[in-house]
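# Observations on the three-dimensional arrangement
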Amino acid sequence: MFEVQDIRLDPESRRVWKGGDEVAMSRKEFDLLAALISRAGDVVTREELMRDVWKTSFWTSSKTIDVHLGWVRRKLGDDSRRPHLITTLRGRGLRFEVAVPERHGALS
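What comes next is a walk through the structure. (Residues numbered from 1 in each chain as written. Predicted model: local features only at pLDDT ≥ 70, side-chain atom pairs only at ≥ 80, totals over all residues. Heavy atoms only, no water.)

### Here we look at the nonpolar core
- Judged by nonpolar contacts, the single largest core of 26 residues is most densely connected at V16, L49, L76 and F96.
- Counting residues per element, the ones that place at least two in this core are β2 (7–10), α1 (27–37), α2 (46–53), α3 (64–76) and β6 (93–96).
- Here this core gets seven residues from one element, more than from any other, and that element is α1. (Core = buried A, V, L, I, M, F, W, Y, C linked by side-chain atoms within 4.5 Å. Buried < 20%, exposed > 50% of the residue type's maximum accessible area, 1.4 Å probe, protein only. Helix = DSSP H or I, 4+ residues; strand = E, 2+ residues; numbered from the N terminus.)

Encoded structure:
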């Protein structure tokens, strides 16, 4: 079981919860979230995600990860403009944050 911020993921049962509520995920959404949350705090490259989630070493589409990531963020309530769960590090990859990132100014 992985528990980071208010997200819990059980790899055995392939279930996800946000707080006390279960969140339905497709197979790829679950695999993408699992690949990120299992390495919370570390940067996961897009190449690693393509290999681990899509089981390929070539790009099926440059938008494949972004589309699935958008669905995962929406289901978890993670605003892509001000993400607190999954952040994008341009040119490096994605990171599941172990704590809510600090922002300049007040959070709304």
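### Let's talk about the packing of aromatic side chains
- With the rule as written, the count across this model stands at zero aromatic pairs.
- R8 extends its terminal NZ or CZ atom over the ring of W17, reaching a point 4.6 Å from the ring centre. (Phe/Tyr/Trp six-rings, centres within 6.5 Å; stacked < 30°, edge-to-face > 60°. Lys NZ or Arg CZ within 6 Å of the ring centre and 35° of its normal.)

### Examining α2
- If you check which residues of α2 are buried, you get E48, L49, M50 and V53.
- Residues of α2 that are buried in the fold lie against α1, α3 and β6.
- Following α2 by one or two positions, K55 adopts a phi angle in the positive range, close to 55 degrees. (Contact = heavy atoms within 4.5 Å.)

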